[in-house]
Amino acid sequence: MEFGQTRSMILKRYTLENLSVLEMLKQAEKIFKDTYSYEAVEGFTRVLKERIPAICFRELIATALIHREWQVNSRIKVEMYPDRLYVLSPGGLPEGLSEEEYRSSRHLSVLRNRSLSLVFLKLGKVETLGSGIPMIQEVYADDPVKPDFQVSDSSVTTMLPCVGTLQDLPSEERNLYNLIRDLQPVSSKELLASSGMSRSTQTRVLNVFLKKQIVVRSGKGPAVRYRLAG
């Protein structure tokens, strides 16, 4: 599903069903490229650019297909926004794989659907079994806004931000981002002393950062602190 800035702004709906898993992956990639690819002129040449790395999206969809719990009566969901994308896979993690191991750059691949996994591997739809999360983290290593991975008993959700997300921000928002990066974990009072913003402006920018998952908040009351996500 493609959204505007919020979930209330539904732009397009896509439903992929009654297809083979390979065809689902193919169609999902096409929709993704239509949404997040654009042409730029460099010198005298038109170059195809990606606002979100296609290799990361393909890895997420392939992993969702081969590791999902097919007995669960639910679909893989993709939510596309102008500055980020979510992939939700139903069924949670495979038995024997903890959340800590899942997030780790070093873990064994626990195959929920072994035959399907090997087919995807032999066809080159995935690079190496168990390498998806480390690969995505490596691709985003130099980008200030990192992917986010959320795990529950019933689903696994990954958020991929557009690369260079902060480049289009107004200067005051970039300055606040840099302050949080340098002072984290930091209180709103500490930020206010350095940002030069009014309290209302700073609160508005912080809320934007929280909504876009650029920044996360912890604690309550006077103990609230902000730090960069990822």
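Residues numbered from 1 in each chain as written. Predicted model: local features only at pLDDT ≥ 70, side-chain atom pairs only at ≥ 80, totals over all residues. Heavy atoms only, no water.

Q: I tried to follow the packing of aromatic side chains on my own but got confused; where do I start?
A: Here a ring pair, both rings aromatic, is described through the centre-centre distance and the interplanar angle of the planes. For the structure on display, the rule yields 5 aromatic pairs. For the pair Tyr81 and Tyr86, a centre-to-centre distance of 5.9 Å together with 85° between the ring planes defines the contact as edge-to-face. An angle of 90° between the planes, with centres 6.5 Å apart, marks the rings of Tyr177 and Phe209 as edge-to-face. You can see Tyr177 sitting in helix H6 (residues 171-183) and its partner Phe209 sitting in helix H8 (residues 199-211), a full 32 residues away along the chain. Across this residue pair, the class does not change: Tyr177 and Phe209 are buried. (Phe/Tyr/Trp six-rings, centres within 6.5 Å; stacked < 30°, edge-to-face > 60°. Helix = DSSP H or I, 4+ residues; strand = E, 2+ residues; numbered from the N terminus. Buried < 20%, exposed > 50% of the residue type's maximum accessible area, 1.4 Å probe, protein only.)

Q: I'm lost on the layout of surface pockets in this one. Help?
A: Think of a ball as big as a water molecule: rolled over the atoms, this probe shows where empty space is left. When its volume is computed, the largest pocket comes out at roughly 680 Å³. Along the wall of the largest pocket there are 23 residues; nearest its centre are Tyr14, Leu16, Ile76, Lys77 and Val78. Among the secondary structure elements, those contributing two or more residues to the lining of the largest pocket are helix H1 (21-36), helix H2 (54-67) and strand S5 (77-80). The greatest single-element share of the lining of the largest pocket, amounting to 4 residues, is contributed by S5. (1 Å grid on protein atoms, 1.4 Å probe; cavity = no way out; pocket = protein on both sides within 12 Å on 5 of 7 lines; lining within 4 Å. Points joined across faces, edges and corners; volume = space filled by probe spheres on them.)

Q: Help me understand the confidence of the model for the protein in this model?
A: When pLDDT is low, close inspection of the predicted coordinates is not appropriate. The pLDDT averaged across the protein works out to 82; a share of 87% of its residues lies at or above 70. Within the protein, the lowest mean pLDDT, 70, falls on helix H3 (residues 99-103), and the highest, 94, falls on S5. (pLDDT = per-residue confidence, 0-100.)

Q: How should I be thinking about the nonpolar core in this particular structure?
A: It is characteristic of soluble globular proteins that their nonpolar side chains tend to be buried jointly. Counting 33 residues, the largest nonpolar core has Ile52, Leu85, Phe120, Ile136 and Leu160 as the members making the most contacts within it. For this core, the elements supplying multiple residues, two or more each, are H1, H2, strand S6 (84-90), helix H4 (114-122), helix H5 (132-139) and strand S8 (155-161). Element by element, the count of residues in this core is highest for H2, at 8 residues. Those residues in contact with Leu160, other than ones at most four positions away along the chain, are Ile52, Cys56, Phe57, Leu60, Arg84, Leu85, Ile136, Tyr140 and Pro147. Grouped together as the second largest cluster of nonpolar side chains are 16 residues, Leu206, Phe209, Tyr226 and Leu228 included. (Core = buried A, V, L, I, M, F, W, Y, C linked by side-chain atoms within 4.5 Å. Contact = heavy atoms within 4.5 Å.)

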